[in-house]
Amino acid sequence: MGDTLEEPWWETPSGAGSSTGKNDFCSGFLLWKNFSFDPSDDEAIEKASDNRIATPQDSDSKPAVTKKRKQPTECFLSQPEEKQESTVKAKKRKKKKISDILEKSAPKPGVPADLQNLLSQHFGENRSVIEIEELKLSDSCFLPANDLTHSFSSYLKEICPKWAKLRKNHKEKKSVVMLVICSSALRSLELIKSMTAFKGDCRVLKLFAKHIKIKEQMSMLEKGVFHIGVGTPGRVKALVEQDGLCLNATKYMVLDWNWRDQKLRRMMDIPEIKKETIDLLEMSIIKLCREGSVKLGLF
C-alpha cells in the first residue's frame, strides 16, 4: 500500500508482493461464498438452543421420577404387616376349630382297652419286657364300664350290688372299701353330692389337698372308720406313701374317666393327673388287681 494519499492503495509494489495480494483476495471471496448461511441452518440453531433450554427442565423433573420409584418400597414395607395379621387370624381359627371339633364330636365312653393301651404306652418306653408283662391288666380286673347312660349312684349300684353287706362288715381303720379318683377337688365334691342315693349312712372321706392338710386326713383315718374315699390321685398317693392310707381292705377303685372340664379335657388328658394316676396304679393297685382283691371301674 502507499504511504501517502497520492499513491493508490490498491496497487501493490513490484516483485513478490503482487502475487500474494491476488491470492488473498481470491481466498477471501471463496470463504465468503462457502460460508453463506442457509435459512434451514437458522432453524437448526434454534432447535439446538431449545434443546439446551429444555435440558434444565429435564434435570428438574428427575426428582419427581425418583419419588415415583420410591412408591414400591412403601408397598414392600406394608406386606409384612399383612402377613402378621394373617398368621394371627390363622392361629385364632385353629383354636376355634379344635374347640368346635371337641364340642361337636360325639362322646365315646371309656373302655378297659383305653386304660390298657395307656399303661402299655407309658411303660413301654423305659421298662423291660418282663416288667411290662407284670404291669399288664387283664379284662378280668375290670368292672363294667359306664356307657354314658348312668348317673353316679346308678353306676355304683350296678357294679356293687352287695354294698350294704360290705359296708356293715368293714371295721378297719386307715382304709376304705371304695376309692374314687377324679381330677380336682371341685369334681370330688360334685361326686360326693351325686352319690347320696347309693351311700346311705356310710361315711365318706374327702381325699384332696384343697383347704385340707394331709395331717388332718391321716388323723381322721386313724381315729375313725370310713367306707368311701373320694379325691385326687396326688393326695391319695401321698397318703399311701406316708402310711396314712392302707389299700389292703379296698375292694373297688373307680376312675372318673369320661367327665370333661371347661376346657373339654378328661382326667387322663391332663399331664399331671395322668402321671399321678399311673404312679398310684403302679404303686399297689395293679398288684392288687392281678391278685383279684381289687376291681377297676371306669365311670
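Description of the structure in this document. Note that the structure is predicted; figures quoted are calculated from it, not measured.

1. Structural notes on the layout of surface pockets
Move 1: Considered as a void within the structure, the largest pocket measures approximately 200 Å³ in volume.
Move 2: What lines the largest pocket is simply Ser183, Ser184, Leu186, Arg187, Glu190, Trp259, Asp261, Gln262, Lys263, Arg265 and Ile270.
Move 3: Residue classes in the lining of the largest pocket are distributed as 3 nonpolar, 3 polar and 5 charged.

2. A word on unusual backbone geometry
Move 1: Phi is positive for aspartate 243, which is not a glycine, with a value near 60°.
Move 2: You can see aspartate 243 is positioned in the loop between helix H10 (233-241) and strand S4 (252-255).
Move 3: Here aspartate 243 falls in the exposed class, since its relative accessible area comes to 56%.
Move 4: For leucine 264, which is not glycine, the phi dihedral falls at a positive 60°.
Move 5: Looking at where leucine 264 falls in the secondary structure, it is placed in the loop between S4 and helix H11 (271-291).

3. Observations regarding the pattern of salt bridges
Move 1: In total, this model carries 9 salt bridges according to the counting rule given.
Move 2: Its salt-bridge partner being lysine 237, residue aspartate 279 comes within 3.4 Å of it at the nearest N-O pair. With a gap of 42 residues between them, aspartate 279 in helix H11 and lysine 237 in helix H10 connect regions that are remote in the sequence.
Move 3: Between aspartate 261 and arginine 265 there is a salt bridge; the shortest N-O distance is 3.1 Å.
Move 4: A cluster of three or more residues bridged by salt bridges with shared partners is formed by Arg187, Glu190 and Asp256.

4. A few points about the pairing of strand S3 (residues 228-231)
Move 1: Across the two faces of S3 the burial is the same, with Ile228 and Val230 and Gly229 and Gly231 all buried.
Move 2: Pairing geometry for strand S1 (residues 178-181) and S3, over 4 bridges, is parallel. Directly across from leucine 179, in S3, lies its bridge partner glycine 229.
Move 3: Note that strand S2 (residues 204-207) and S3 share 4 bridges and pair parallel. Looking at S3, one finds that lysine 206 is bridged to valine 230.
Move 4: Assessed by its sense of winding, the connection that carries the chain from S2 through helix H9 (residues 214-223) to S3 is right-handed.

5. Structural notes on the side chain of lysine 199
Move 1: If you trace the backbone, lysine 199 turns up in helix H8 (residues 196-199).
Move 2: No salt bridge is formed by the buried lysine 199; the nearest opposite charge belongs to aspartate 201, separated by 9.9 Å.
Move 3: Beyond its immediate sequence surroundings of up to four residues, lysine 199 is in contact with Trp163, Arg167, Ile192, Val204 and Ile228.

6. What to know about the environment of arginine 203
Move 1: Looking at where arginine 203 falls in the secondary structure, it is placed in the loop between H8 and S2.
Move 2: Sequence-wise, arginine 203 and phenylalanine 226 are 23 residues apart; in three dimensions their C-alpha atoms are separated by 5.1 Å.
Move 3: Excluding anything up to four places from it in sequence, arginine 203 contacts Gly224, Val225, Phe226, His227 and Ile228.

7. Some words on the nonpolar core
Move 1: Counting 40 residues, the largest nonpolar core has Met253 and Leu296 as the members making the most contacts within it.
Move 2: Listed by contribution, the elements that provide at least two residues to this core are helix H3 (112-123), S1, S2, H9, H10, S4, H11 and strand S5 (295-298).
Move 3: Counting residues per element, this core draws most heavily on H11, at 8 residues.
Move 4: Beyond its immediate stretch of four places on either side in the chain, methionine 253 contacts Leu179, Ile181, Leu280, Leu281, Ile285, Val294, Lys295, Leu296 and Gly297.

8. A short note on the environment of aspartate 261
Move 1: Locating aspartate 261 in the fold gives a position in the loop between S4 and H11.
Move 2: On the basis of relative accessibility, which here comes to 18%, the residue aspartate 261 falls in the buried class.
Move 3: Reaching out from aspartate 261, the side chain makes a polar contact with the backbone nitrogen of arginine 265 at a distance of 2.7 Å.

9. Details of the packing of H10 against H11
Move 1: Direction vectors running N to C along H10 and H11 enclose 35°, while the axes themselves pass 8 Å from each other. At the point where H10 passes H11, the crossing takes the left-handed sense. Within the contact between the two elements, H10 uses Pro233, Gly234, Val236, Lys237, Val240 and Glu241 and H11 uses Ile273, Glu276, Thr277, Asp279, Leu280 and Met283.
Move 2: Each residue belonging to the contact of H10 with H11 can be placed in one class, and the counts come to 6 nonpolar, 2 polar and 4 charged.

10. Some thoughts on the packing of H3 against H11
Move 1: Two elements in contact, H3 and H11, have axes whose closest approach is 12 Å; the angle formed by their N-to-C orientations is 95°. Here H3 lies roughly perpendicular to H11, going by the angle between them. Note on element contacts: H11 touches H3 through Lys274, Ile278, Leu281, Glu282 and Ile286, opposite Leu115, Leu118, Leu119, His122 and Phe123.
Move 2: A class-by-class count of the residues in the contact of H3 with H11 yields 7 nonpolar, 1 polar and 2 charged.

Each value, and the rule that gives it
- Residues numbered from 1 in each chain as written.
- Predicted model: local features only at pLDDT ≥ 70, side-chain atom pairs only at ≥ 80, totals over all residues.
- Heavy atoms only, no water.
- 1 Å grid on protein atoms, 1.4 Å probe; cavity = no way out; pocket = protein on both sides within 12 Å on 5 of 7 lines; lining within 4 Å.
- Points joined across faces, edges and corners; volume = space filled by probe spheres on them.
- Nonpolar A, V, L, I, M, F, W, Y, C, P; charged D, E, K, R; others polar.
- Helix = DSSP H or I, 4+ residues; strand = E, 2+ residues; numbered from the N terminus.
- Buried < 20%, exposed > 50% of the residue type's maximum accessible area, 1.4 Å probe, protein only.
- Salt bridge = Lys/Arg side-chain N within 4 Å of Asp/Glu carboxyl O.
- Pairing = 2+ DSSP bridges.
- Right-handed = clockwise from strand over helix to strand, strands pointing away.
- Lys, Arg positive; Asp, Glu negative; His and termini not counted.
- Contact = heavy atoms within 4.5 Å.
- Core = buried A, V, L, I, M, F, W, Y, C linked by side-chain atoms within 4.5 Å.
- Polar contact = N/O pair within 3.5 Å; in protein donor to acceptor, adjacent residues only side chain to side chain.
- Axes fitted to C-alpha atoms, helices over the stretch in contact; angles between N-to-C directions.
- Left-handed = near helix turned anticlockwise from the far one by under 90°.
- Parallel < 35°, antiparallel > 145°, perpendicular 65-115°, else oblique.

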